[in-house]
Amino acid sequence: MNSVKSTWKRLNKALGRSGMLSLAFLVAVLLAAVLAPLVAPADPNQSSLLDAYAGPSGTHLLGADGIGRDLFSRLIFGARTSLLGPALVVGVALFVGIPLALLASWYGGWVDGVVARVFDLVYALPGLLLAVLTVALFGPGLTPAVVALSVAYIPFLARIVRAAARQQRVSPYVDALAVQGFGVLRITVRHILRNITPVVVGQAAIAFGYALLDLASLSYLGLAVQAPTPDWGVMVSDSDAMLKGYWLQVLAPGVLIVLTVLALTVLGARISGEKPPGYLRRRPPKTVAAEKNRTTVGAAA
């Protein structure tokens, strides 16, 4: 019990109030996605023309769409595809980018130069444009969009990992481990990578939010997830509901996308070690008070 309390205190101190709120929101969204068959009150694809554009009620908590499907259930099931795609994008980008970044940071020289130029070349390609071109070649769907965005996000994350690993590479403990006979793989994975884990995890969370926005945009355009599959991006594209005045059909998934991206950004920033906005404003009063005390003591002496 004491260990749980101490862990909770350390987590609360590290993330702060905004980070803890963001973490709680993301955990709730993730649990809803995983437990969607148990949490959703209805089948997300079950339609009823009698309930078309029905308002919020006991039967439909957030109302129904144009063909009578329960909006709340579609939001819950839509979290699955909306989170799965970005998770695959970030996972593939980290799987490919981290080894390349560690390799470049360790050997430096021409190896680092070649890897850096490749990163710059891929980074110069807009991710959405690359995804659109891939969809044009292989047809619309979640898989082509995820593959294209994964390639685009490799340099985004790998450049950050490379910069952080290069700082660790010149640290004295790395030379000490090398002198003791530890291999390159052990030093880079067990020590350098472990020391930069907060930066990697924080930036991965931020990249997750960007990927969610990109895939939602592609789904909105009909290039990624296809209707009638429940997805937040697909639900936002329901222009008929907006034209007919049923704004909740579009507002609800749009708000979820914004809140999820905001929570990921805040959480990623806190994990990376950024200070809360009021951190610098709280220090000067204490410093001024300490200077007054020292001045008073000096005058008395």
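Position numbers for residues start from 1 in each chain and track the written sequence from start to end. For a predicted model such as this one, the threshold for reporting local features is a pLDDT of at least 70, and the threshold for listing and counting side-chain atom pairs is 80 or more; totals across whole chains, interfaces and linings nevertheless cover every residue. Side-chain figures throughout are based on the complete set of non-hydrogen atoms in the structure, without hydrogens or water.

## Looking at the overall build of the protein chain
Piece 1. Strands are runs of DSSP state E lasting at least 2 residues, helices are runs of H or I lasting at least 4, and numbering of each runs from the N terminus. Per the secondary structure count, the protein chain includes 13 helices and zero strands.
Piece 2. Listing each helix as α and each strand as β along the protein chain from the N terminus yields α-α-α-α-α-α-α-α-α-α-α-α-α.
Piece 3. Throughout, a residue-residue contact means that at least one pair of heavy atoms, one from each residue, lies within 4.5 Å. Pairs at least 24 apart in sequence give 70% of the contacts found in the protein chain among residues at least 6 apart.

## Topic: the pattern of salt bridges
Piece 1. Whenever a carboxyl oxygen of Asp or Glu lies within 4 Å of a side-chain nitrogen of Lys or Arg, that contact is scored as a salt bridge. According to the stated counting rule, one finds five salt bridges in the structure shown.
Piece 2. Here Asp 65 ties to Arg 69 by a salt bridge, and the two come within 2.8 Å at their closest N and O atoms. With respect to class, Asp 65 is no different from Arg 69; both count as buried.
Piece 3. For Asp 112, the salt bridge is made with Arg 166, and the minimal N-O distance between the two is 3.8 Å. Residue Asp 112 is located in helix α4 (residues 109–123), and its partner Arg 166 is located in helix α6 (residues 142–169); the two are separated by 54 residues in the primary sequence.
Piece 4. With a relative accessible area of 10%, Asp 112 lands in the buried category.
Piece 5. Throughout this description, buried means an accessible area under 20% of the type-specific maximum (1.4 Å probe, protein chains only), exposed means over 50%, and partly exposed covers the range between. Judged by its relative accessible area of 41%, Arg 166 is partly exposed.

## Side note on helix α9 (residues 197–220)
Piece 1. One less than the residue count of a helix, multiplied by 1.5 Å, gives the span that helix is expected to have. Taking 1.5 Å of rise per residue, the 24 residues of α9 would be expected to cover 34 Å, and the 34 Å separating its terminal C-alpha atoms lies within 8% of that figure.
Piece 2. Taken from the residues just after α9, Gly 222 is the one with a positive phi, measuring 80°.

## With respect to helix α3 (residues 71–107)
Piece 1. Taking 1.5 Å per residue, 37 residues should reach 54 Å; α3 reaches 54 Å between its end C-alpha atoms and fits that length.
Piece 2. Of the residues flanking the end of α3, it is Gly 108, one or two places downstream, whose phi is positive at about 60°.

## Thoughts on the confidence of the model for the protein chain
Piece 1. A residue's pLDDT is simply how confident the predictor is in it, with values from 0 to 100. For the protein chain, the mean per-residue pLDDT works out to 85, and 89% of the residues sit at or above 70.
Piece 2. Here residues 294–301 is a poorly scored stretch, pLDDT under 50, and it has zero contacts once near neighbours within four places are set aside; other chains count.

## Observations concerning unusual backbone geometry
Piece 1. At the junction of Ala 227 and Pro 228, the peptide bond is cis and its omega measures out at 10° in the coordinates.
Piece 2. Note on placement: Pro 228 falls in the loop between α9 and α10 (232–236).
Piece 3. The phi dihedral of Tyr 53 falls on the positive side, at around 55°, and the residue is not glycine.
Piece 4. Examined against the element boundaries, Tyr 53 turns out to sit in the loop between α2 (36–39) and α3.

## What about the packing of α3 against helix α8 (residues 184–195)?
Piece 1. Angular values range over 0 to 180 degrees, each being the angle between N-to-C directions of two axes fitted as lines to C-alpha atoms, with helices fitted over their stretch in contact. It is the contact of α3 with α8, at a shortest axis distance of 11 Å, that shows an interaxial angle of 110°. The angle between α3 and α8 places the two elements in the roughly perpendicular class. Residues Ile 98, Leu 102, Trp 106 and Tyr 107 of α3 touch α8, and the partners they reach there are Val 184, Ile 187, Thr 188, Ile 192 and Leu 193.
Piece 2. Each residue receives one of three labels: charged for Asp, Glu, Lys and Arg, nonpolar for Ala, Val, Leu, Ile, Met, Phe, Trp, Tyr, Cys and Pro, and polar for the others, Gly being one of them. Class assignment for the residues of the contact of α3 with α8 results in eight nonpolar, one polar and no charged. Relative orientations are named as follows: roughly parallel for angles under 35 degrees, roughly antiparallel for angles over 145 degrees, roughly perpendicular for angles from 65 to 115 degrees, and oblique for any other angle.

## What to know about the packing of aromatic side chains
Piece 1. Pairing of aromatic side chains requires ring centres within 6.5 Å, counting the rings of Phe and Tyr and the six-membered ring of Trp. Pairs whose planes differ by under 30 degrees are stacked, by over 60 edge-to-face, and all others tilted. Applying the stated criterion to the full structure yields two aromatic pairs.
Piece 2. Measuring from centroid to centroid gives 5.9 Å for Tyr 153 and Phe 156, while their planes differ by 65°, and the two rings are edge-to-face. In this pair, Tyr 153 and Phe 156 are both assigned in helix α6, three residues apart and thus about one turn of the helix distant.
Piece 3. Accessibility expressed as a relative area gives 7% for Tyr 153, which makes it buried.
Piece 4. With a centroid separation of 5.9 Å and an interplanar angle of 70°, the aromatic rings of Phe 156 and Tyr 210 are classed as edge-to-face. Taken together, the residues Phe 156 in helix α6 and Tyr 210 in helix α9 connect sequence positions 54 residues apart.
Piece 5. For Tyr 210, a relative accessible area of 38% corresponds to the partly exposed category.
Piece 6. Aromatic ring contacts, followed pair by pair, group Tyr 153, Phe 156 and Tyr 210 into a single cluster.
Piece 7. Across from the ring centre of Tyr 123, 4.4 Å away, lies the NZ or CZ of Arg 159, which sits over that ring. Only lysine NZ and arginine CZ atoms are considered, and such an atom sits over a ring when it is within 6 Å of the ring centre and within 35 degrees of the ring normal.

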